[in-house]
Amino acid sequence: MKVISNIFKLTLAALALSSTFTTTASAQDAYPNKPIKVVVPFPAGGATDILTRAITEKLAQRIGQSVIIENRPGAGANIGAATVAKAAPDGYTLLMGSIGSHSISVTYHKDPGYNFQKDLMPISAAGTLSNIVVVGNEVPAKNLAELVAYAKANPGKLTCGSSGTGGLIHLTCEMFKSAAGIDVLHVPYKGTSLLMPDLISGRVTMALDTLPPYLSMLKDKKVRALAITTAKRSPLVPDVPTVAESGYPGFESVASYGFFAPAGTPKAIIDKLNKDINAVLLDPQLKEKLLAQGIEIEGSSPEALQAFVKGEVDKWARVIKTSNIKPE
């Protein structure tokens with residue numbers, strides 16, 4: 001009887017376990033069956049917010065569920081990322097990650113509040129913003145070679161403005177200074193909007209900033225673009241050569257974005273999200289709409305995004321250590 005009783009107990013346990021697996025599988029099969037929240041780690045109205053809202057509007061139509069945007073800015077995008085890293089791994093809380101910002105934080109911040117490579121799972125790349133080398137009209141250089149020659153002939157005379165110490169724009173400037181072997185003084189501002197008037201007036205001489213805010217200034221010839229920091233030329237400024245083709249092979253810096261989920265999210269959910277997001281990113285109207293605002297969209301596999309993240313973390317760690325950049 002004791003043997004039979006034990007068998008009975010084991011059978012009940014097996015049925016319970018089977019029921020749990022069935023319930024979990026059913027929940028994943030039904031995903032999503034309620035609204036999804038996407039956290040944007042920057043304020044509303046910025047490039048990350050615009051990109052996220054444009055994509056998720058199409059995504060909501062495809063999956064048949066609402067997608068809610070929650071802006072959680074602060075601490076160099078760390079507050080929003082940490083929020084998602086600590087959320088339930090059920091696919092209902094996602095992050096539109098600013099890959100450059102998060103990759104920099106790995107080395108720059110002693111404790112960003114989460115581990116970018118361990119606490120967040122990549123789903124798909126989403127899009128990129130190009131960075132440009134832009135100078136004020138008082139700078140005589142007409143191309144990158146002339147800029148470097150001018151900087152070497154006038155050490156310390158050039159100033160490089162950025163939207164803040166330790167950000168992607170600052171580190172892109174430091175990376176270029178190191179590659180070109182030039183002496184340029186970094187001048188941090190509290191945002192690009194405060195930097196641009198000083199670039200026009202000549203109070204600061206150059207910047208390696210994101211392209212979109214400067215498009216109208218370039219058109220009105222208030223500043224000049226000498227090079228673009230992406231691997232290939234931008235369709236928005238097709239006549240502007242890349243830094244790489246201007247004498248610095250391999251040089252690349254882009255503001256990249258991608259979707260991430262909390263670590264532990266089931267692979268079936270990651271795969272479904274990847275499929276749906278990549279389908280949305282192929283929409284020609286969406287591509288055209290975002291390109292007009294300087295954002296080029298393109299998806300990826302989770303594995304490709306993971307590899308890209310590793311490359312960005314390693315690259316910015318080298319820049320931070322080589323330039324000895326410390327948090328303010």
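Structure: above.
Residues numbered from 1 in each chain as written. Predicted model: local features only at pLDDT ≥ 70, side-chain atom pairs only at ≥ 80, totals over all residues. Heavy atoms only, no water.

A. How the structure looks around the overall build of the protein chain. A count of helices and strands for the protein chain gives twelve helices and ten strands. With respect to the principal axes defined by its C-alpha atoms, the protein chain has extents near 95 × 40 × 30 Å. Sorting the 328 residues of the protein chain into buried and exposed places 48% on the buried side. A separation threshold of at least 6 residues defines the contact pool for the protein chain, and within that pool the share at least 24 residues apart is 77%. (Helix = DSSP H or I, 4+ residues; strand = E, 2+ residues; numbered from the N terminus. Buried < 20%, exposed > 50% of the residue type's maximum accessible area, 1.4 Å probe, protein only. Contact = heavy atoms within 4.5 Å.)

B. Region of the structure containing the side chain of His-186. Its place among the elements puts His-186 in strand E6 (residues 185-188). Residue classification places His-186 among the buried residues on the basis of a relative accessible area of 16%. Among the polar contacts listed, one links the side chain of His-186 to the side chain of Ser-162, at a separation of 2.7 Å. One polar contact links His-186 to His-170, side chain to side chain, over a distance of 3.4 Å. Not counting chain neighbours up to four residues away, the residues in contact with His-186 comprise Cys-160, Ser-162, Thr-165, His-170 and Glu-174. (Polar contact = N/O pair within 3.5 Å; in protein donor to acceptor, adjacent residues only side chain to side chain.)

C. Seen up close, the pattern of salt bridges. Per the counting criterion, the structure on display carries twelve salt bridges. Among the ionic pairs, Glu-70 bridges to Arg-72, the shortest N-O distance being 3.1 Å. What makes Glu-70 partly exposed here is its relative accessible area of 21%. Via salt bridges that share partners, Lys-37, Glu-70 and Arg-72 belong to a single interconnected network. (Salt bridge = Lys/Arg side-chain N within 4 Å of Asp/Glu carboxyl O.)

D. Main features of the layout of surface pockets. Estimates place the volume of the largest pocket at around 1,100 Å³. For the largest pocket, the lining is made up of 44 residues, of which Phe-42, Ser-101, Ser-163, Leu-168 and Ile-169 are closest to its centre. Mapped onto the lining of the largest pocket, the elements with two or more residues apiece are helix H2 (47-63), helix H4 (99-108), helix H7 (168-180), helix H8 (192-201), strand E7 (206-210) and strand E9 (254-262). Broken down by element, the lining of the largest pocket gets its largest block of residues, five residues, from H4. Here the residues of the lining of the largest pocket are counted per class, giving 21 nonpolar, 21 polar and two charged. In this structure, the second largest pocket encloses a volume near 550 Å³. Gly-127, Thr-128, Ser-256, Glu-296 and Glu-298 are, among the 25 residues lining the second largest pocket, the residues nearest its centre. Class assignment for the residues of the lining of the second largest pocket results in eleven nonpolar, seven polar and seven charged. (1 Å grid on protein atoms, 1.4 Å probe; cavity = no way out; pocket = protein on both sides within 12 Å on 5 of 7 lines; lining within 4 Å. Points joined across faces, edges and corners; volume = space filled by probe spheres on them. Nonpolar A, V, L, I, M, F, W, Y, C, P; charged D, E, K, R; others polar.)

E. View of H8. Among the residues of H8, those classed as buried are Thr-192, Leu-195, Met-196, Asp-198 and Leu-199. Summarising the contacts, the buried residues of H8 are in contact with strand E4 (120-136), strand E5 (159-162), H7, E7, helix H9 (215-219) and strand E8 (223-228). Among the residues trailing H8, Gly-202 stands out with phi positive, at a value near 95°.

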